[in-house]
Amino acid sequence: MDETLIAALREGLAALSPEPSPLRCRATASLAGELYYAEPLAVRRTLVDEALAMATEIDDPALTVEVMQIAAVALWTSATAHDRIRLAEESARIAAEIGRERDTVLSMTLAAVAHAEAGRPDRMRELAEQAMSEAQRLRLVYAELVLSGLIMPWLAMGGRTHECEQMLARVQRLHHQGTRADRPTHRRGRSAGGPPHRHPG
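This structure is a prediction, so every number in the text was calculated from the model and none was measured.

Considering the packing of aromatic side chains
For any pair of aromatic rings, geometry is given as the distance between the ring centres together with the angle between the planes. A full pass over the atoms with the stated rule returns 1 aromatic pair. Between Tyr36 and Tyr37 the ring centres are 5.0 Å apart and the planes differ by 80°, which places this aromatic pair in the edge-to-face class. Across from the ring centre of Tyr36, 4.7 Å away, lies the NZ or CZ of Arg44, which sits over that ring. Residue placement shows Arg84 over the ring face of Trp76; its charged tip is 4.5 Å from the ring centre.

Some details on the environment of Arg100
Residue placement: Arg100 occurs in the loop between α5 (81-97) and α6 (101-117). Residue classification places Arg100 among the partly exposed positions, given a relative accessible area of 36%. Contacts of Arg100, omitting those with residues within four sequence positions, involve Ala62 and Ala95. At 2.8 Å, the side chain of Arg100 forms a polar contact with the side chain of Asp103.

Remarks on the side chain of Glu144
Examined against the element boundaries, Glu144 turns out to sit in helix α8 (residues 141-157). Separated by 2.2 Å, the side chains of Glu144 and Arg170 make a polar contact. Dropping the residues within four chain positions of it, Glu144 is found in contact with Met132, Ala135, Gln136, Arg170 and Leu174.

Focus: α5
A rise of 1.5 Å per residue sets the reference length of α5, with its 17 residues, at 24 Å; its end C-alpha atoms lie 24 Å apart and thus fit the reference within 8%. Turning to α5, its buried residues are Ala81, Arg84, Ile85, Leu87, Ala88, Ser91, Ala92, Ile94 and Ala95. Each element contacted by the buried residues of α5 is listed here: α3 (41-58), α4 (61-74) and α6. Of the residues trailing α5, Gly99 is marked for its positive phi of about 75°.

Section: the pattern of salt bridges
In this structure the tally under the stated criterion is 14 salt bridges. One salt bridge in this structure joins Asp83 and Arg45, with 3.1 Å as the shortest N-O distance. Taken together, the residues span a long stretch of sequence, with Asp83 in helix α5 and Arg45 in helix α3 at a distance of 38 residues. Judged by its relative accessible area of 26%, Arg45 is partly exposed. Linking Glu163 and Arg160 is a salt bridge whose minimum nitrogen-to-oxygen distance equals 2.9 Å. With a relative accessible area of 38%, Arg160 lands in the partly exposed category.

The rules behind the values
Sequence order sets the numbering: in each chain, residues are counted from 1 along the sequence as written. The predicted nature of this model means local features are confined to residues of pLDDT at least 70 and side-chain atom pairs, given and counted, to a pLDDT of 80 or more, with totals for whole chains, interfaces and linings taken over all residues. Note that water and hydrogens are dropped before the side-chain values are worked out from all heavy atoms of the structure. Any pair of Phe, Tyr and Trp rings, taking the six-membered ring for Trp, is counted once the centres come within 6.5 Å. Such a pair is stacked with planes under 30 degrees apart, edge-to-face with planes over 60 apart, and tilted for the rest. Cation placement over rings: the criterion is NZ of Lys or CZ of Arg within 6 Å of the ring centroid and within 35° of the ring normal. A run of H or I in DSSP becomes a helix once it reaches four residues, and a run of E becomes a strand once it reaches two; helices and strands are each numbered from the N terminus. Relative accessibility decides the category of a residue: with a 1.4 Å probe and only protein chains considered, values under 20% of the type maximum give buried, values over 50% give exposed, and everything between is partly exposed. The contact rule is simple, with two residues in contact once any of their heavy atoms fall within 4.5 Å. We define a polar contact as two N or O atoms separated by no more than 3.5 Å, with the added condition that, inside protein, one atom must be a possible hydrogen donor and the other a possible acceptor, whereas residues neighbouring each other in sequence contribute only through side-chain atom pairs. One fewer than the residue count of a helix, multiplied by 1.5 Å, yields its expected span. In what follows, salt bridge is the name for a side-chain nitrogen of Lys or Arg lying within 4 Å of a carboxyl oxygen of Asp or Glu.

Now the structure itself:
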């Protein structure tokens, strides 16, 4: 938890006009994400709802995609899988419509993870395979690593040992390439692979 950043976001929001604006929208969504370890889900959901309402009023598809991606991570609990599916799949749809390939892949990855948590393996595999193909084409290393972590257990359980071993070998190679550049984040610590990572202090 970054207390300095949280304080700065709160101060910035207090100084901004209450009228909807891209800056206020992004700051509100970012605060929801930063409060993952500091506030209960209800508080984060209120901020997410406010940011989503602003994005809808501003009617900026790219902003809406950004806010939905942050929201899907800010709301991350075992009880919110269905909410996160809706956010991630809608953001993937919008991103595809406006030609944002990278965001499409990242949103599909978020959706695949949420479907896995919701006990929907067929839909998870469908999305994960689509996203994996695009992640490889676009060289989105971090997304590919997350997707591999989803797919490999199912390959192993299905007796597809050779495919699982091939994917594991590729994952090991990718780890040596580094993963920071394509993390689906609004800042360090937010990723498609799970809830925000805990940082000291």
